[in-house]
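Here's the letter readout for the chains.
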Amino acid sequence: MAGQATIDAAKALLDICTQKKLTLATAESCTGGLVAATISEIAGSSLVLDRGFVTYSNLAKQQMLGVTPTTIDVYGAVSTECAEEMAKGALAHASVDLAVSITGIAGPTGAVPEKPIGLVYFCAASRSGRVIAHDRKYGDIGRANVRRASVLQALAMLQKLAEMEEPSPPAGKS
């Protein structure tokens, strides 16, 4: 169950997206679908949330979101480049206005010297071309805490992006 701060963030996101008639998708790795699950806990979320891609493996990132093998080979699955391809891939594979991606190392294993436990990359992208990318170094605060903090960050990025977007035109109009 999500904490109150997380639920409040999801409600605020849903409110602005509902007002502007914006839809969204998630592309999640280390959070394993927690962002989509948090949003879907709120009644009425089906007006906004279209789908969530849980792409835990590198192959899933490639098959479901179109992340290139070169990106994973050169930069790694935990990278700004991979997060951006994940978010843009979600937009390409869903008829939504906004998408957010998360890829990182929640721990307690999986770290390498240049990519420690608690390192998470995020990207939020809109169909209008806006992109917001961030990385966070949460540290070794525990797997569950890294994942919870990542959900909050993703929701905040989606809300910021939604605030910058113009309302979607009614269906059939352009």
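Nothing here was measured: the structure is a model prediction, and the numbers come from that model. (Residues numbered from 1 in each chain as written. Predicted model: local features only at pLDDT ≥ 70, side-chain atom pairs only at ≥ 80, totals over all residues. Heavy atoms only, no water.)

### Structural notes on the nonpolar core
Among the nonpolar cores identified, the biggest contains 31 residues, and L13, C17, L24, I39, L98 and L155 are the most heavily contacted of them. For this core, the element with the highest residue contribution is helix 6 (residues 143-164), accounting for eight residues. The residues touching L155, leaving out its near neighbours within four places in the chain, are T6, A9, A10, L13, V35, T38 and I39. I72, V78, A83 and M86 belong to the second largest nonpolar core, which has 22 residues in total. (Core = buried A, V, L, I, M, F, W, Y, C linked by side-chain atoms within 4.5 Å. Buried < 20%, exposed > 50% of the residue type's maximum accessible area, 1.4 Å probe, protein only. Helix = DSSP H or I, 4+ residues; strand = E, 2+ residues; numbered from the N terminus. Contact = heavy atoms within 4.5 Å.)

### A word on the pairing of strand 5 (residues 131-137)
Here strand 4 (residues 119-126) pairs with strand 5 via seven bridges, running antiparallel. Bridge pairing in strand 5 links V120 to R136. If you look at the hairpin formed by strand 4 and strand 5, you'll find four residues sitting between the two strands, and G129 has a positive phi there, around 105°. (Pairing = 2+ DSSP bridges.)

### With respect to helix 5 (residues 80-93)
The end-to-end C-alpha distance of helix 5, which contains 14 residues, comes to 20 Å, matching closely the 20 Å that a straight helix rising 1.5 Å per residue would cover. Where helix 5 is buried, its residues touch strand 1 (24-28), strand 2 (49-54), helix 3 (58-65), helix 4 (69-75), strand 3 (98-104) and strand 4. (Expected span 1.5 Å × (residues − 1).)

### Points about the pattern of salt bridges
In the structure shown here, the tally under the stated rule is four salt bridges. Across the pair E165 and R130 runs a salt bridge whose closest N-O atoms are separated by 2.8 Å. Here R130 lies in the loop between strand 4 and strand 5 and E165 lies in the segment after helix 6, a separation of 35 residues in the sequence. (Salt bridge = Lys/Arg side-chain N within 4 Å of Asp/Glu carboxyl O.)

### Things to note about the environment of N58
With respect to the helices, strands and loops of the structure, N58 is situated in helix 3. Taking C-alpha positions, N58 is 9.2 Å from G76, a pair spaced 18 residues apart along the chain. Excluding residues within four positions of it along the chain, N58 makes contact with I72 and A77.

### Quick look at the layout of surface pockets
Estimates place the volume of the largest pocket at around 230 Å³. Surrounding the largest pocket, 15 residues form its lining, C30, Y56, G104, I105 and A106 being those nearest its centre. Sorting the residues of the lining of the largest pocket by element identifies helix 3 and strand 3 as the ones contributing at least two each. Here the lining of the largest pocket is built from residues that sort into six nonpolar, seven polar and two charged. (1 Å grid on protein atoms, 1.4 Å probe; cavity = no way out; pocket = protein on both sides within 12 Å on 5 of 7 lines; lining within 4 Å. Points joined across faces, edges and corners; volume = space filled by probe spheres on them. Nonpolar A, V, L, I, M, F, W, Y, C, P; charged D, E, K, R; others polar.)

### Structural notes on helix 3
Every α-helical turn comprises 3.6 residues, leaving residues that sit three or four positions apart pointing alike. For helix 3, every residue scored as buried is listed here: A60, K61 and L65. The buried residues of helix 3 all sit within an arc of 105° when viewed along its axis, so they share a single face. The outward face of helix 3, more than 90 degrees from its buried face, is lined by the exposed residues L59 and Q63. Looking at the buried positions of helix 3, the neighbouring elements they touch are strand 1, strand 2, helix 5 and strand 3. (Arc of directions from axis to C-beta.)

### Quick look at the packing of helix 3 against helix 5
Remark: helix 3 packs on helix 5, axes separated minimally by 9 Å, with the N-to-C direction vectors making an angle of 35°. Residues K61, M64 and L65 of helix 3 form the contact with helix 5, whose own contacting residues are C82, E85, M86, G89, A90 and H93. Per-class residue counts for the contact of helix 3 with helix 5 are five nonpolar, two polar and two charged. (Axes fitted to C-alpha atoms, helices over the stretch in contact; angles between N-to-C directions.)

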